[in-house]
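The residues making up each chain are set out below.
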Amino acid sequence: MLKKHQEPSPLGQGLAEVFDRRSWRVQWGLVGLVRDWSSIVGETVAVRSMPAFFRRDVLWIYVVSPIWMQQLQLQKQDLLDRIRRYLDRDEVADLRWLLFPPELLPEDENRESGTMPERSVAPEEEESFRAMVSGIVDPESQEALFRLWLAFRKKGSVERDEG
């Protein structure tokens, strides 16, 4: 509502003032970052990350895995420079990483999650391990230990020393 002696101003001027007062300009920049993310950071990084939000002058970025957090940390200065150029201002002081919340994880099955692909385990390896744990009296404990061993073998986390 206008005060008695206040002249009307153009709508564009009023919106600019509101944007500045509410820090919406920074948030509007986030919309552009999300929209143009792959052209800013490249397709390889874009399919594994996404701008999440600004907290003050820090841009937080969702990443698919801790491995990619580490990789992006190594590229941090280059990414920061690209983002600043895109936004055409130096308002972004830093980048921080966080894992995608489960409900926002990309559904594309071809995305690299940073985990090792499952390996097959030979039946003779299973038999050998079952024989090794057969001395455990409690059958539930024996089976739990076997399932744990099997999970590690399939993920490649337990390496056999062939030497």
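Being a predicted model, the structure only gives us computed values, none of them experimental.

Checked against the element boundaries, alanine 151 lands in helix H8 (residues 139–155). Considered as a pair, alanine 151 and arginine 119 are 32 residues apart in the sequence and their alpha carbons are 9.8 Å apart.

Right, let's talk about the nonpolar core for a bit. Counting residues in each nonpolar core, the largest one holds 24 residues, and the members touching the most others are Leu59, Ile83, Val92 and Leu95. Taken together, the elements giving at least two residues each to this core come down to helix H2 (24–35), helix H3 (37–41), helix H4 (43–46), strand S1 (49–55), strand S2 (58–63), helix H5 (66–74), helix H6 (76–87) and strand S3 (94–99). Excluding residues that lie within four positions of it along the chain, leucine 95 makes contacts with Leu59, Ile61, Lys76, Leu79, Leu80 and Ile83. Ranked by size, the runner-up nonpolar core spans six residues in total, among them Phe129, Val133, Trp149 and Leu150.

So, on to unusual backbone geometry. For arginine 56, which is not a glycine, the phi torsion comes out positive at approximately 55 degrees. Residue placement: arginine 56 occurs in the loop between S1 and S2.

Now for the packing of aromatic side chains. Applying the stated criterion across every chain, the model contains five aromatic pairs. Their ring planes at 40 degrees and their centres at 6.4 Å tell us that phenylalanine 129 and phenylalanine 146 sit as a pair that is tilted. Of the two residues, phenylalanine 129 is situated in helix H7 (residues 123–133) and phenylalanine 146 in helix H8; the sequence distance between them amounts to 17 residues. The residues phenylalanine 129 and phenylalanine 146 share a single accessibility class, namely buried. It is arginine 130 that lies over the ring of phenylalanine 146; its NZ or CZ is 3.6 Å from the centre.

To continue, consider the environment of valine 31. Tracing the chain through its elements places valine 31 in helix H2. Looking at valine 31, the relative accessible area reads 40%, which means it is partly exposed. For valine 31 and proline 51, which are 20 residues apart along the polypeptide, the C-alpha to C-alpha distance reads 8.9 Å.

This part is about a nonpolar patch on the surface. On the surface, a nonpolar cluster with roughly 310 Å² of combined accessible area is contributed by Ile136, Leu145, Leu148 and Phe152. Residue placement: isoleucine 136 occurs in the loop between H7 and H8.

For H6, which comprises 12 residues, the first-to-last C-alpha distance of 16 Å matches the rise-based estimate of 16 Å (1.5 Å per residue) to within 8%. By the burial criterion, the buried members of H6 are Lys76, Leu79, Leu80, Ile83 and Leu87. The arc enclosing the buried residues of H6, seen along the axis, measures out at 100 degrees, which places them on a common side. Phi turns positive, to about 60 degrees, at aspartate 88, one or two residues after H6.

Now for the sheet that holds S3. Taken in spatial order, the three strands of this open sheet run S1-S2-S3, and their pairing is mixed. Two strands close off the open sheet at either side, each with one partner strand: S1 and S3. Strand-to-strand twist in this sheet, taken as the mean axis angle between neighbours without regard to direction, amounts to 30 degrees. Summarising the sheet, S2 and S3 pair through six bridges and their orientation is parallel. Paired with valine 63 across the strands is leucine 99, a residue of S3. Across the sheet, H5 is in contact with S1, S2 and S3; its angle to S3 comes to roughly 170 degrees. Against the sheet, H6 engages S1, S2 and S3, with an angle of about 110 degrees to S3.

Thresholds, definitions, all that
- Residues numbered from 1 in each chain as written.
- Predicted model: local features only at pLDDT ≥ 70, side-chain atom pairs only at ≥ 80, totals over all residues.
- Heavy atoms only, no water.
- Helix = DSSP H or I, 4+ residues; strand = E, 2+ residues; numbered from the N terminus.
- Core = buried A, V, L, I, M, F, W, Y, C linked by side-chain atoms within 4.5 Å.
- Buried < 20%, exposed > 50% of the residue type's maximum accessible area, 1.4 Å probe, protein only.
- Contact = heavy atoms within 4.5 Å.
- Phe/Tyr/Trp six-rings, centres within 6.5 Å; stacked < 30°, edge-to-face > 60°.
- Lys NZ or Arg CZ within 6 Å of the ring centre and 35° of its normal.
- Patch = residues over 30% accessible without salt bridge, like charges linked within 9 Å, V, L, I, M, F, W, Y side chains within 5 Å.
- Areas by Shrake-Rupley, 256 points an atom, 1.4 Å probe, with all protein chains shown as cover.
- Salt bridge = Lys/Arg side-chain N within 4 Å of Asp/Glu carboxyl O.
- Expected span 1.5 Å × (residues − 1).
- Arc of directions from axis to C-beta.
- Pairing = 2+ DSSP bridges.
- Axes fitted to C-alpha atoms, helices over the stretch in contact; angles between N-to-C directions.

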